[in-house]
Every structure is written in structure tokens, then in C-alpha cells.
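The lines below spell out each chain.
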Amino acid sequence: MMSVSGTLPYMMSGVIPDFPSAFFETVSGYTTTGASVLTNIESTPKGILFWRSITHWIGGMGIIVLTIAILPILGIGGMQLFAAESPGPSTDKLHPRIQETAKDLWLIYVGITVLETILLVIGGMSFFDAICHSFATVSTGGFSTKNESIAAFDSPFVQYVIIFFMFLSGVNFTLTYFGIQGKLKKVWWNEEFKTYGGLVLIATMITVATICAGQGNFSEKAIRDALFQVVSVVTTTGFVSADFSTWSPFVTVMFFLLFFTGGSAGSTSGGVKLVRHIIILKNSVIEFKRLVHPNAIVPVRFNGRPVSTQIVYNILAFFIIFLGVFVIGSFVMAAIIKDVPIGTTDGIPIPTFRSGEGEMMYRFSTAIGASASCVGNIGPGLGGVGPLQNYAWIPSGGKVFLAFEMLIGRLELFTVLILLSPYFWRRR
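Residues numbered from 1 in each chain as written. Predicted model: local features only at pLDDT ≥ 70, side-chain atom pairs only at ≥ 80, totals over all residues. Heavy atoms only, no water.

One finds Ile162, Phe255, Phe256, Phe259, Tyr391 and Leu402 to be the most contacted residues of the largest nonpolar core, which totals 98 residues. Of all hydrophobic cores here, the second largest spans 11 residues; its members include Ile279, Ile280, Ile286 and Val307. (Core = buried A, V, L, I, M, F, W, Y, C linked by side-chain atoms within 4.5 Å. Buried < 20%, exposed > 50% of the residue type's maximum accessible area, 1.4 Å probe, protein only.)

See the structure below:
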């Protein structure tokens, strides 16, 4: 209902007159995906652009957590609702009562937003652009007020500020809370945080090496563009400072794989979440030990604590279902899309389409890119929905389907898919 009512500003203003496109844009905002159907953002009224950013900001911390914080009457069963937005082996509570936890998280959320806005204004952005981009950054959403996204701001300071806050927003907000309290050991020794930082560092180094090899020289801009795009994709923010799909096929494949990582559990980012990858990898390694020593009891450990078998099974099931949704989505999009746009003019997708030799592969990359991007809440995908394109050209049926993928991706699959299960509706 939030997504349906959120279409009203777009439709009543005439900016997005048809419901499927308006619904797509609204769901993209609330789920912090950042995929857009607006073809000329800079000619869009500021009120509508501000509304787009607001949907990001509300969705970032989660409508569920916001509701619990403001309406304590819903505190009954609140922990289960909170877990839907903060997935992981366990949900660390800052306080015994979920209402107090939600309020503290929102104070941090608001504080980070205000700080980033101030820094962006110092960096030369207008207050309007600064607040809209802060909303989109802290929520790891990706809606921009410019056709060329962050590439429109030719300012290293602005880009580094956004890089820092994208990275911070991809960290578990519980760790941010501990960091503010000075409990830095809890932050540093957290396995997911170390994996998160290591992944960003390694992917950035590989990307920088590829860019510099292609250019034939080393530059600060290569480092900045590589770091920006890696953090943007890993945190599922979706801001664009450069078109990573043009750097090399190797980098394009690497970025596609990063679509399936996600940030930390308990952050505003979408995707699978790194904690799940860590536990899957650890369980895979332990399986070798169990084969050699079948009678040994070797538990999976995360942050020094054993993880129950039930949670391991849950994570494995989640990952399989996530891949299944991606595959089904790719088939659906491959059947829906016919022609795919191949370029832009002044940052605006042009209505020319690829045909002839290579068309099938381009449609294939577009289909898998759109499905992976939406279920992972990334925003930009590959091919016709790449970093310099948008989703305006996709047929109405495709937009509604991708909106559904965004919803189930943001609400951790089980929360939505259980409603489609006969077990849920069967009389007890």
C-alpha cells in the first residue's frame, strides 16, 4: 500500500502518467534500488525529485523499523519484524526493547545524513542537491538529481565524501553505534566488517590495475573511479561516476559477481549480505573436514560463536532461492524485452536500438543484468540497463515484474514469498 500510494505524486503531477512506470519508480525508491524510468531528470520539478529522495530515505532504514519507533503499540512481536529488515545469524539489540533500538538507529541515521549534507554543501553542491544525494547515499539508494548521476559533479572532494558515506552506510548500524561509543575493538574484530573492507580493497585494486593498463598510465582519477564504482555496487547504492561496463570484459564480469554480494547485515544495503557468504564458505570448508572425520563435531563459527545448524540451513536455502529468483527473472525478462537501447545523448537514453550481429548477446546481458540488479537492489545493470541507461524503455509488464523482484529482494525473499506458499494459507 505504501508503494501504491507513493505513485500519486508522479501521476498527479504528470511526470510519470502511467501507473506501471510510477509504481516501478516508487518501489525502486522504497526498496532503495535506485532504478529509474525518468529520461530527463534535470527537467523534472524539484518537488518530485525531492519526493524520490524521500522514498529512499524512508525505505533505507526500513518502513517497518520506522513504524515501530513511532507507533510503540506495534512493539508486540516487533523483534520478528525488525529481523526482516536486519537479517543475519542474530540480530544484535542495543536495548532490551525494540522501540529503543529503533530510535537509537534512527538518531544515527539522521546524524549521518546531516553530516554528509553539510560536507557536500562545503564541496560546492547546492543545498537541494546535497540533501537529495545525502538521502540517497545514507539509504544506499542511488537516485540522483542529475542525468549523469555523480559524474555530473566534477569534484574529487564530492566524490570522496560520497564514497565514505556509501561505505559507512554498508556497515552494520550496530557496529556504527559501537564505534560512536568508542568500542572500536568490537568493530575491528567483526568478521563481516573485515570481509567487507577486504572485498572493497581487493576489487578496487583489480579495477585500478585494469583501468591503468588500458590507459597506459596511472592516475588519481582511475583510483577514484574504481573505488567509487566498487563501493557503489557492493553497497547496492547504484550511483555512477563512470561506466564500468566499458573498462574491460574482465571487470564487467567481476562487477556482475559483485551484484550478488551486498553489504553488511543490519545495514541499509540490499543484496545477499556478506555474512551469508561467509557462513556458506565456512560450511563448505568444514564439509571437507567432516568427510575426513565423519564422527567429529565441527560447528560453523562466526565471530567466535558457533552458528546453529538451523541457521546454516536457512542461509543455504536463502541463497538457493535467491539464485532461483534471479534465474527465473532472467528468463522472464528475456521473453519480455524485444529491442534494447544502445546509447545516450547528454546523459539521456536515446531511442535507438541495437540490431543485427550481437543483438542476442546484448539482449541476454540486459535480461540477466536487469534481474540481478533488481533482486539485489543495485540499480544499474548491464547492457540496455547499464550505468548510462535507465528502465524507461522496458514494457509495462516487465516494470511490474521487476518491481516485484525489488520488493522480495529488499524484504529478504522469505518475508514475501511465504505469502505465496500454500503452507501459509492452510488451515491449522
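All right, on to the confidence of the model for the chain then. Taken as a whole, the chain shows an average pLDDT of 85; of its residues, 86% reach a score of 70 or greater. Counted against residues more than four places away or in other chains, residues 84–91, with its pLDDT under 50, gives 25 contacts. (pLDDT = per-residue confidence, 0-100. Contact = heavy atoms within 4.5 Å.)

This part covers the pattern of salt bridges. Oppositely charged side chains are able to pair whenever their charged atoms sit close together. On inspection of all chains with the given rule, the structure shows 6 salt bridges. Across the salt bridge formed by Lys282 and Glu191, the nearest N and O atoms sit 2.5 Å from each other. Taken together, the positions of Lys282 in helix H15 (residues 274–292) and Glu191 in helix H12 (residues 191–215) put the pair 91 residues apart, joining distant regions of the chain. When its relative accessible area of 26% is taken as the criterion, Lys282 is described as partly exposed. (Salt bridge = Lys/Arg side-chain N within 4 Å of Asp/Glu carboxyl O. Helix = DSSP H or I, 4+ residues; strand = E, 2+ residues; numbered from the N terminus.)

On to a nonpolar patch on the surface, then. Together, Phe404, Ile418, Leu419, Leu420, Phe424 and Trp425 make up an exposed nonpolar region whose accessible area comes to about 630 Å². Its location among the elements puts Trp425 in helix H20 (residues 422–425). Judged by relative accessible area, Trp425 falls into the exposed class, the value being 60%. (Patch = residues over 30% accessible without salt bridge, like charges linked within 9 Å, V, L, I, M, F, W, Y side chains within 5 Å. Areas by Shrake-Rupley, 256 points an atom, 1.4 Å probe, with all protein chains shown as cover.)

We now examine the environment of Arg301. For Arg301, the location among the structural elements is in strand S1 (residues 300–302). In the structure, Arg301 is positioned 18 residues away from Asn283 in sequence and 9.0 Å away in space, judged by C-alpha atoms. Setting aside residues no more than four positions away along its own chain, Arg301 makes contact with Glu191, Lys282, Pro306 and Val307. A distance of 3.3 Å separates a polar side-chain atom of Arg301 from the backbone oxygen of Gly304. (Polar contact = N/O pair within 3.5 Å; in protein donor to acceptor, adjacent residues only side chain to side chain.)

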